[in-house]
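Structure at a glance
Chain by chain, the residues:
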Amino acid sequence: MKVRYDSEVDILYLGFKDCEVENVIDVDEDVYLELNKDGEIVGLEIHRVKDLIFPELLKYLQKAKEIARKI
């Protein structure tokens, strides 16, 4: 799996399979799925990561920190 984040344009890319991309599906205005010739998902691109992903991730990290304090 490949993970890349471009902070200049705020795009996160997750590559699941190293192969040629045959088609790209717009899931919504900020999420795109890449498919190979067999229709398998081989990549995921998320735009505006700071707005869409980071706030949720911070919630989980805060919860994990609270749990760790109790141990």
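Summary of the structure given here. Treat the numbers as computed from the prediction; the structure is a model and nothing was measured.

What counts, and at which threshold
- Residues numbered from 1 in each chain as written.
- Predicted model: local features only at pLDDT ≥ 70, side-chain atom pairs only at ≥ 80, totals over all residues.
- Heavy atoms only, no water.
- Helix = DSSP H or I, 4+ residues; strand = E, 2+ residues; numbered from the N terminus.
- Rg over C-alpha atoms; globule rule 2.2 N^0.38 Å.
- Buried < 20%, exposed > 50% of the residue type's maximum accessible area, 1.4 Å probe, protein only.
- Core = buried A, V, L, I, M, F, W, Y, C linked by side-chain atoms within 4.5 Å.
- Lys, Arg positive; Asp, Glu negative; His and termini not counted.
- Salt bridge = Lys/Arg side-chain N within 4 Å of Asp/Glu carboxyl O.
- Polar contact = N/O pair within 3.5 Å; in protein donor to acceptor, adjacent residues only side chain to side chain.

Summing up its helical and strand segments, the chain has two helices and five strands in all. For the chain, the N- to C-terminal ordering of α and β elements is β-β-β-β-β-α-α. Relative to the 2.2 N^0.38 estimate, which gives 11 Å for 71 residues, the radius of gyration of the chain is 15 Å and therefore markedly larger than a compact globule would have. Taking the principal axes of its C-alpha atoms as reference, the chain extends roughly 50 × 25 × 20 Å. For the chain, the proportion of its 71 residues judged to be buried stands at 25%.

Next up on the list: the nonpolar core. Grouped together as the largest cluster of nonpolar side chains are seven residues: Leu12, Leu14, Val31, Leu33, Leu44, Ile46 and Val49. The set of elements that each furnish at least two residues to this core consists of β2 (11–15), β4 (31–35) and β5 (41–47).

Considering the arrangement of structural elements, one finds glutamate 34 in strand β4. Buried and without a salt bridge, glutamate 34 has arginine 4 as its closest oppositely charged side chain, separated by 6.9 Å. Here tyrosine 13 takes part through its side chain, which lies 2.7 Å from a polar atom of the side chain of glutamate 34.

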